[in-house]
Amino acid sequence: DTAMYEAKRNGRGRYAVFDPGMHERVARGLVLEGELRQALARDELFVVYQPVVALQPPAHGDGPRRDGVEALVRWRHPVRGLVSPAEFVPVAEESGLIVELGLFVLRVACLQFADWQRTLGAAAPGSLAVNLSPLQLRSAGLIAGVQACLTDSGIAPQVLQLEVTESLAAQDEAARERLRELKALGVRIALDDFGTGYSSLACLHQLPVDTVKVDRSFVSHAETSAYHRALIEATIRVAQTLGMDTVAEGIETASQAALMQALHCDRGQGYLYARPLEAGALADWCLQRGLRAA
Ligand code: C2E
Ligand code: MG
Ligand code: MG
Ligand code: MG
């Protein structure tokens, strides 16, 4: 107990119980943290983009476009190769580096999006989603940082969608107030990984969000589990009642896509359509899709 208290006081409370596996993770985490700091300076981080596609026909001819891309960070480590964000984003969050890293992703993605608008014209993606971490949402410079990215890239605030996780948005009034400040800039907010947190459909009406992203774990069970299907249906119903739109994450098969369509989900994202792509490949994907549609 005393040891744990000391460890917490020393600022790394989550590693307070020392089993060998955990020791290894701490050591690896610390190494990663140092290397991640250098990665930012050495241009080892880059951004990939995964298409988000419309699952429903447009309501009226000139409604807001439903298609877009989500920006996802990647780290090409000189020795380890590609390191998964599932591994380094938590390290960045723990060390505070996520604030700088997140702003880097936002800036790169906004500039890239503006470039697509110039070079692809009508074939350019309709919106840009960027993930915001809990620490980033709380950081003092967030609003100014987002505003600067909008100004410097020249993209319309309405096309930018910031993704926050469900538990975060529901957590406290300060977080919700920060979301309202972001919305005042004109940007949109999406609730990421919905269904995996502790909040519920009952809280959705309190959250200043525009979009609900149904977590991949629900989509992957939808065809075999009536329970998961019912939860997806209820989520979509409640979201629509509140004027929010919905995205199904992690669609991998045509039958999953058909089911999400039948459940009136607005948009879909997943390997069925495309994996996250580097900027050039994403432009090719958009052009090919445009040609097919024509
Ligand atoms: P997320 O925001 O929920 O992003 C979706 C993740 O699901 C991505 O993993 C994407 O590659 C993956 N995915 C998409 N479609 C499919 C599919 O059909 N099947 C499967 N199995 N997976 C699919 P990724 O890129 O590894 O990112 C993992 C998580 O790391 C993200 O989850 C997000 O929470 C975090 N992350 C990634 N980039 C950033 C970033 O720039 N900032 C912050 N704060 N977090 C990020
Ligand atoms: Mg996301
Ligand atoms: Mg997600
Ligand atoms: Mg997810």
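A brief structural summary. All residue numbers refer to position in the chain's written sequence, counted from 1. Each chain takes a letter, starting from A, and each ligand takes a number, starting from 1, following the order in which they are written. With pLDDT at 70 or above as the cut-off, local features in this predicted model cover only qualifying residues; side-chain atom pairs require 80 or more to be listed or tallied, and sums for whole chains, interfaces and linings still use all residues. As a rule here, side-chain values cover all heavy atoms of the structure and leave hydrogens and water aside.

## Some words on the nonpolar core
As a rule of thumb, soluble globular proteins bury nonpolar side chains together. Spelled out, the test is: Among the buried residues, those of types Ala, Val, Leu, Ile, Met, Phe, Trp, Tyr and Cys that are joined through side-chain atoms within 4.5 Å form a nonpolar core. Summary of the burial criterion: residues with accessible area below 20% of their type's maximum are buried, those above 50% are exposed, and those between are partly exposed, where the area comes from a 1.4 Å probe applied to protein chains only. Contact between two residues is taken to exist if any of their heavy atoms lie within 4.5 Å; hydrogens are not considered.
Ranked by size, the top nonpolar core spans 78 residues in total, and within it Leu128 and Leu182 carry the most contacts. Setting aside anything within four residues of it in sequence, one finds leucine 128 in contact with Tyr49, Val69, Ala71, Ala109, Cys110, Phe113, Ile155, Val159, Leu160 and Gln161.

## Observations regarding unusual backbone geometry
Cut-off, in case you're wondering: The way it works is that DSSP assigns letters per residue, a run of H or I at least four long becomes a helix, a run of E at least two long becomes a strand, and they are numbered from the N terminus.
Of note, aspartate 193 is a non-glycine position whose phi angle comes to about 55 degrees, a positive value. Aspartate 193 gets classed as partly exposed once you look at its relative accessible area, which sits at 25%. In this structure, histidine 264 takes a positive phi of about 70 degrees despite not being glycine. Mapping histidine 264 onto the fold places it in the loop between helix H11 (254–262) and strand S9 (267–268).

## As for the site of ligand 1
Applied cut-off: By convention in these notes, a residue is near a molecule or strand provided one of its non-hydrogen atoms lies within 4 Å of it. Here a polar contact is recorded for every N or O atom pair within 3.5 Å, except that within protein the pair must consist of a potential hydrogen donor and a potential acceptor, and residues adjacent in sequence are included only if both atoms are side-chain atoms. Grid points spaced at 1 Å and placed over the protein atoms alone form the basis of the search, with a cavity being a set where a 1.4 Å probe fits but cannot get out and a pocket an open set showing protein on both sides within 12 Å along at least five of seven lines. Lining residues have an atom within 4 Å of a point. To decide whether a molecule occupies a pocket or cavity, check its atoms: if more than half lie within 2 Å of the grid points, it is inside.
Residues in close proximity to ligand 1 total 22 residues, the closest being Arg74, Asn131, Asp192, Glu252 and Tyr271. Between aspartate 193 and ligand 1, the recorded distance is 3.1 Å, taken from a side-chain N or O atom to an oxygen atom. Interatomic distance of 3.1 Å between a side-chain N/O atom of arginine 216 and a nitrogen atom of ligand 1. Because more than half of its atoms lie within 2 Å of the grid, ligand 1 is assigned to the largest pocket. Only strand S2 (68–77), helix H3 (85–95), helix H4 (98–120) and strand S6 (188–194) provide two or more residues apiece to the shell around ligand 1. Take the shell around ligand 1: its biggest share by element is 4 residues, from S2.

## So, the coordination of the magnesium ion (ligand 3)
For the record, the criterion: Sites may look incomplete, because water is not among the atoms used; the donor set itself consists of N, O and S atoms within 2.8 Å of the metal (3.2 Å for Na, K and Ca).
Only Asp192 (OD), Asp193 (OD) and Glu249 (OE) from the protein reach the magnesium ion (ligand 3) as donors, at distances of 1.7 to 2.7 Å. When the donor residues of the magnesium ion (ligand 3) are listed from N- to C-terminus, their spacing reads D-D-x55-E. Taken as an interatomic distance, the gap from the magnesium ion (ligand 3) to the magnesium ion (ligand 2) is 3.5 Å; aspartate 192 donates to each of them. Residue aspartate 192 is classed as buried on the basis of its relative accessible area, which comes to 7%.

## Comments concerning helix H10 (residues 226–241)
What counts is decided by this rule: A helix is expected to reach a length of 1.5 Å times the quantity of its residues less one. The directions considered for the arc are those from the helix axis to the C-beta atoms.
Over its 16 residues, H10 runs 22 Å from end to end, which matches the ideal 22 Å to within 8%, given 1.5 Å per residue. Restricting attention to buried positions, one finds in H10 the residues His228, Ile232, Thr235, Ile236 and Ala239. Across the axial projection of H10, the buried residues extend over an arc of 95 degrees, all falling on one side. Pointing more than 90 degrees away from the buried face of H10 are the exposed residues Ala226, Tyr227, Arg237 and Thr241.

## Overview of the side chain of histidine 228
By secondary structure assignment, the location of histidine 228 is in helix H10. Overall, the relative accessible area of 18% leaves histidine 228 in the buried class. With residues near it in sequence (within four places) discarded, histidine 228 still touches Ser217, Phe218, His221 and Ala222.

## Overview of the packing of aromatic side chains
Formally: Classification of ring pairs rests on two measures: the distance between centres of Phe, Tyr or Trp rings, Trp counted by its six-membered ring, which must be within 6.5 Å, and the angle between planes, read as stacked under 30 degrees, edge-to-face over 60 and tilted in between.
Scanning all chains against the criterion turns up 2 aromatic pairs. An angle of 80 degrees between the planes, with centres 4.8 Å apart, marks the rings of tyrosine 49 and tryptophan 116 as edge-to-face. Taken as a pair, tyrosine 49 in strand S1 (residues 45–54) and tryptophan 116 in helix H4 lie far apart in primary sequence, 67 residues in all. Since its relative accessible area comes to 2%, tryptophan 116 is described here as buried.

## Concerning empty space enclosed by the protein
Where empty space is left in the structure can be found by rolling a water-sized probe over the atoms. Note the threshold: Grid points are joined across faces, edges and corners, and a volume is the space filled by probe spheres set on the points. Polarity classes work like this: nonpolar for Ala, Val, Leu, Ile, Met, Phe, Trp, Tyr, Cys and Pro, charged for Asp, Glu, Lys and Arg, and polar for all others, with Gly in that last group.
In this structure the tally under the stated criterion is 2 cavities of 30 Å³ or more. Approximately 70 Å³ is the volume attributed to the largest cavity. Considering the residues around the largest cavity, the lining is formed by Val52, Gly68, Val69, Ser127, Ala129, Gln161, Glu163, Lys213, Val247, Arg267 and Gln269. At the level of secondary structure, the elements contributing two or more residues to the lining of the largest cavity comprise S2 and strand S5 (160–165). In terms of residue class, the lining of the largest cavity is made up of 4 nonpolar, 4 polar and 3 charged.

## A short note on the environment of aspartate 215
With respect to the helices and strands, aspartate 215 occurs in the loop between strand S7 (211–214) and helix H9 (216–221). On the basis of relative accessibility, which here comes to 11%, the residue aspartate 215 falls in the buried class. Through-space distance from the C-alpha of aspartate 215 to that of glycine 243 is 19 Å; in sequence the pair is 28 residues apart. Not counting chain neighbours up to four residues away, the residues in contact with aspartate 215 comprise Asp193, Phe194, Thr196 and Glu249.

## Points about the pairing of strand S4 (residues 128–131)
Test applied: When DSSP locates at least two bridges between a pair of strands, those strands are taken to pair.
In terms of strand pairing, S2 meets S4 through 3 bridges, oriented parallel. Within S4, the position partnered with alanine 71 by the bridge is valine 130. Sheet analysis places S4 next to S5, joined by 4 bridges and oriented parallel. In the sheet register, asparagine 131 faces S5, and the bridge partner there is glutamate 163.

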